[in-house]
Amino acid sequence: MAKLIEVEGLTKVYPDGTRAVDDVSFHVDAGEMFGFLGPNGAGKTTMIRILVTLLPKTSGSAKVAGVEVSEDPDTVRRSIGYAAQFIGIDDDLSGHENLVLQARLHGMGKAEARERADELLEVFALTTVAGKRAAGFSGGMRRRLDLAQSLVHRPPLLFLDEPTTGLDPQTRNAMWRHLEELNRDGTTVFLTTQYLEEADRLCSRLAIIDQGRIVVEGSPADLKKEVGGDVVTLSLPEDTDPDTLRRAVEAVTSFPGAGDPTVFDHSISLPVKDAGEALSALVRTLDAAGIPVARLSMSSPTLDEVFLRHTGERMRVEDTNTRAPSPMSRVMRGRR
Amino acid sequence: MLRSLGESTILFQRNLRKLLRVPMMVFFSLFQPLLWLILFTQIFQRLGEFPQFQRQGYDSYLMFFAPSVLTMTVLTSAFQSGMGMVTDLETGMLDKFLISPIRRSSVLLGKVMADAFRMLLQGGMVLVIALLMGARIETGIPGAIVMLVTAALFGIVWAGLSNIVALRTRHAELTMMIGILLTFPLLFLSTAMMPEGLLPGWLETVGRFNPVSYVIDTARAFMNFGYDWGQLGITLGVIAVVGVFTLTGATRAFRRATS
């Protein structure tokens, strides 16, 4: 499979000495939806800006669409679309004018640019506001317009820097559907995000980045599996005496395939390989020992645990609150 | 070359459209020279009757002052030029231009073209207003065109300075403030308000090193006395020298800001 992005030992040191990207290597194959997951300040934006030709690297190699970014930026620019975290829209122009401008800058003639703008406005459900100044657009509309802008020239590779930061859950969901549709139609996507849920849902493969370094890389499922299996939490009644609690802990610890239990108040959390299998057996074991169970729950590991395990910290998510009330019903149509 | 012109034209149209999208902006940029023309010609009206003034050959203070307003107006647009650059930096529009496969120089050229267009338009309005107020241009329409083009050329060169500040500071208010600070002393230390013979000695000396004086004196010559090619040639040379500094500076600042 063709590698659309190949990064080898890439490092970026800013003039003030900050190592924003520190010896990073990874690759993205054609057709993938690859994510950089990490907190604010992890180096995600620096990484993406190097790849889209906006920032020079300090050392290492970064190839996009088969060419070294610093050597042939023009070829890279022709092959990629880029939607920045801070949306690049001209507020004084209408939605339609913004799209036509981008299309023209990508070498389309007037008629072709207009046609392409109309097409994208329809795809992103912006036709009704096409003639209005972008200054009045909601957060969700701006994101959609920006995504549309990055697609004017039908790039095979799309770079998205935190595409849903600041969006409300509904608009975020609609944006996800757009991206999934785009990817299904063959666009390779590189995105950065600080949302675990987003990485989990969208990315076929992801790298967790912290302080400029990739700490771990793999598919969301593999990464979670690596952290361990499921967790079963057994809650005993509140009036359970310490002796019964101790007996319960002993009973579940001897359970085949179980890890070390964590006891909190009257609850025992037990890592197991497969919660589905373990659940009934655990209940039977406790029942046989005459220990009553008040509540039973199970959970699968999340990327949060993956992050915690590899960085020793929980993800720090900061958010800007942009309201975007309009729902989006249409999904992305196929590229021609 | 052709490709670059095409790209610049796209951005020129965009910049122009932005300007026209804010009608208040258009209104006030035309209102301002009108205000200056009326205010200053009223304040200094009696000056036109002084024998020392008349001896220099000016029919009225209006005839003397209209070329100054032309230059002032163009300079006002010039020192605001960087503001648009800051906006494009802040909104991410500049990034959008830079990741599209156009030449870097086209971004700058598109801006220069829009600035020039605006300056020519405003300058033209100044001359029309002056004519309506009773001034006349000795050299007629060809002379008026020379006056406008010279003023706009200087405006572009001066706008380079504003863009250097904009690209270095990335701060709109600061760009405006420094722009005003760089521009107004130059205006008042020139022959804008008083003819050379009536300025204090030290100011006359300063005026000789002040490019603004050259631009104003040339426009003044074409308006009051007739074609003065020698004066025009010197002024174009002065503009070129200033331009070498401001425009290469702006290009360098642009390259630094965008890499």
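Considering the overall build of chain B
Each helix and strand in chain B was counted, giving eleven helices and zero strands. Shown N-terminal to C-terminal, the secondary structure of chain B runs as helices and strands in the order α-α-α-α-α-α-α-α-α-α-α. Computed over C-alpha atoms, the radius of gyration of chain B comes to 19 Å, within 12% of the 18 Å expected from 2.2 N^0.38 for 259 residues, which places it in the range of a compact globule. C-alpha extents for chain B along the principal axes are approximately 60 × 35 × 35 Å. Among the 259 residues that make up chain B, the fraction classed as buried is 42%. In chain B, of all internal contacts separated by at least 6 residues, the share reaching a separation of at least 24 is 81%.

Focus: the sheet that holds strand β13 (residues 267-272) of chain A
All names here are of chain A. If you walk across this open sheet you meet the four strands as β12-β13-β11-β14, and the pairing is antiparallel. Each end of this open sheet is capped by a strand with a single partner; those strands are β12 (262-264) and β14 (295-299). With direction set aside, neighbouring strand axes in the sheet form an average angle of 20°. With five bridges joining them, strand β11 (residues 230-235) and β14 adopt antiparallel strand pairing. What sits directly across from Val231, in β14, is Ser299. Along the sheet face, helix α9 (residues 242-253) touches β11, β12 and β13 and points at about 5° away from the line of β13. Taken strand by strand, helix α10 (residues 275-288) contacts β11, β13 and β14, and its axis lies near 25° from that of β11.

Points about the sheet that holds strand β9 (residues 205-210) of chain A
Strand pairing in a sheet is mediated by backbone hydrogen bonds. Such pairs are either parallel or antiparallel. All names here are of chain A. In spatial order, the strands read β6-β7-β8-β3-β9-β10; together these six strands make up an open sheet with mixed pairing. Because the sheet does not close on itself, it has two edges, and the strands there are β6 (80-83) and β10 (213-218). Strand-to-strand twist of the sheet, defined as the mean angle between neighbouring strand axes without regard to direction, takes the value 15°. Direction of pairing for β9 relative to β10: antiparallel, over a ladder of five bridges.

Here we look at helix α1 (residues 44-51) of chain A
Residues and elements named next belong to chain A. With respect to burial, α1 is a largely interior element, eight of its eight residues being buried. Listed as buried for α1 are Lys44, Thr45, Thr46, Met47, Ile48, Arg49, Ile50 and Leu51. Phi turns positive, to about 75°, at Thr53, one or two residues after α1.

Observations regarding the confidence of the model for chain A
Residues and elements named next belong to chain A. Averaged over chain A, the pLDDT score is 85; the fraction of residues at 70 or greater is 92%. The secondary structure element of chain A with the lowest average pLDDT is helix α11 (residues 303-311), at 75, and the one with the highest is helix α3 (residues 95-105), at 96. Under a pLDDT of 50 for its full length, residues 319-336 has, in the predicted model, 41 contacts with residues more than four places off or in other chains.

Description of unusual backbone geometry
Residues and elements named next belong to chain A. Phi angles above zero are rare outside glycine, and Thr53 is one such case at about 75°. Turning to its location among the elements, Thr53 is positioned in the loop between α1 and β4 (59-64). Overall, the presence of 23 C-beta atoms within 10 Å leaves Thr53 in the buried class. Backbone geometry places Ala125, a non-glycine residue, at a positive phi of 55°. As for its position among the elements, Ala125 is in the loop between α4 (110-123) and α5 (139-150). When the 19 C-beta atoms within 10 Å are taken as the criterion, Ala125 is described as partly exposed.

Side note on the nonpolar core
By size, the foremost hydrophobic cluster in this structure holds 144 residues, and its most contacted members are Leu51, Val64, Leu120 and Phe159 of chain A together with Ala66, Leu70 and Ala151 of chain B. In terms of nonpolar packing, the next biggest core, distinct from the first, is built from eleven residues, Val252, Val272, Ala278 and Leu286 of chain A among them.

Basis of the calculations
Residues numbered from 1 in each chain as written. Chains lettered and ligands numbered in written order. Predicted model: local features only at pLDDT ≥ 70, side-chain atom pairs only at ≥ 80, totals over all residues. Helix = DSSP H or I, 4+ residues; strand = E, 2+ residues; numbered from the N terminus. Rg over C-alpha atoms; globule rule 2.2 N^0.38 Å. Buried ≥ 20, exposed ≤ 12 C-beta atoms within 10 Å, placed from the backbone. Contact = placed C-beta atoms within 7 Å. Pairing = 2+ DSSP bridges. Axes fitted to C-alpha atoms, helices over the stretch in contact; angles between N-to-C directions. pLDDT = per-residue confidence, 0-100. Core = buried A, V, L, I, M, F, W, Y, C linked by C-beta atoms within 7 Å.

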